[in-house]
Amino acid sequence: LADVIIYPDGFVKVVDLDEMVPALECGGISMNELKKALLSCNALLSLIYNGKLPELTKYIESFESL
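Because the structure is a prediction, the values reported are computed rather than measured.

## Let's talk about the overall build of the protein
Summing up its helical and strand segments, the protein has three helices and two strands in all. Each helix and strand of the protein, ordered N terminal to C terminal, gives the series β-β-α-α-α. Here the C-alpha atoms of the protein give a radius of gyration of 14 Å, more than 25% beyond the 11 Å that 2.2 N^0.38 yields for 66 residues. Per-residue burial for the protein yields a buried fraction of 14% across its 66 residues. The contacts of the protein with a sequence gap of at least 6 include a subset with a gap of at least 24, amounting to 26%. Counting only carbon and sulfur atoms, one obtains 60% of the accessible surface of the protein, whose full area is about 5,200 Å². Both charge centroids of the protein, one from 5 positive and one from 10 negative side chains, sit 10 Å from each other.

## Looking at helix H3 (residues 53–64)
The terminal C-alpha atoms of H3 lie 17 Å apart, and with 12 residues this matches the ideal 16 Å at 1.5 Å per residue to within 8%. Burial analysis of H3 places just zero of its 12 residues in the buried class, a small minority of the element.

## Quick look at unusual backbone geometry
Phi at Asp 16 takes a positive value of approximately 70°, unusual for a residue other than glycine. Position of Asp 16 among the secondary structure elements: in the loop between strand E2 (12–15) and helix H1 (20–25).

## Observations concerning helix H2 (residues 31–49)
Compared with the 27 Å implied by 1.5 Å per residue over 19 residues, the 27 Å span of H2 between its first and last C-alpha is a close match. Considered for burial, the residues of H2 that qualify are Leu 34, Cys 41, Leu 45 and Ile 48. The buried residues of H2 all sit within an arc of 60° when viewed along its axis, so they share a single face. Projecting away from the buried face of H2 at angles above 90 degrees are the exposed residues Asn 32, Lys 36 and Leu 39. Next to the buried residues of H2 lie strand E1 (3–6), E2, H1 and H3. After H2 finishes, the residue Gly 51 shows a positive phi value of roughly 75°.

## Examining the packing of aromatic side chains
The full count for this structure, using the stated rule, is two aromatic pairs. Relative to Phe 11, the ring of Tyr 7 has its centre 5.8 Å away and its plane inclined at 40°; by these criteria the two rings are tilted. Overall, the relative accessible area of 33% leaves Tyr 7 in the partly exposed class. Measuring from centroid to centroid gives 5.1 Å for Tyr 59 and Phe 63, while their planes differ by 75°, and the two rings are edge-to-face. Placement of the pair is Tyr 59 and Phe 63 together in helix H3, with a separation of four residues, close to one helical turn. For Tyr 59, a relative accessible area of 58% puts it in the exposed group. The exposure class assigned to Phe 63 is partly exposed, which follows from its relative accessible area of 48%.

Calculation notes
Residues numbered from 1 in each chain as written. Predicted model: local features only at pLDDT ≥ 70, side-chain atom pairs only at ≥ 80, totals over all residues. Heavy atoms only, no water. Helix = DSSP H or I, 4+ residues; strand = E, 2+ residues; numbered from the N terminus. Rg over C-alpha atoms; globule rule 2.2 N^0.38 Å. Buried < 20%, exposed > 50% of the residue type's maximum accessible area, 1.4 Å probe, protein only. Contact = heavy atoms within 4.5 Å. Areas by Shrake-Rupley, 256 points an atom, 1.4 Å probe, with all protein chains shown as cover. Lys, Arg positive; Asp, Glu negative; His and termini not counted. Charge placed at Lys NZ, Arg CZ, Asp CG, Glu CD. Expected span 1.5 Å × (residues − 1). Arc of directions from axis to C-beta. Phe/Tyr/Trp six-rings, centres within 6.5 Å; stacked < 30°, edge-to-face > 60°.

Structure below.
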């Protein structure tokens, strides 16, 4: 539900966090799923801000060259 957008110039934007509350309230996600999503988003942002994004994208880019 939350999206992390990384622009070509390196700018990072997190959007749609607000969609998580209605999803929780209507039963679309559980409290545990909400917690995991927020922790995962935080972990991803930590990797990005610490310059580790190339390690994550290396795997994806290897398939683009096939």
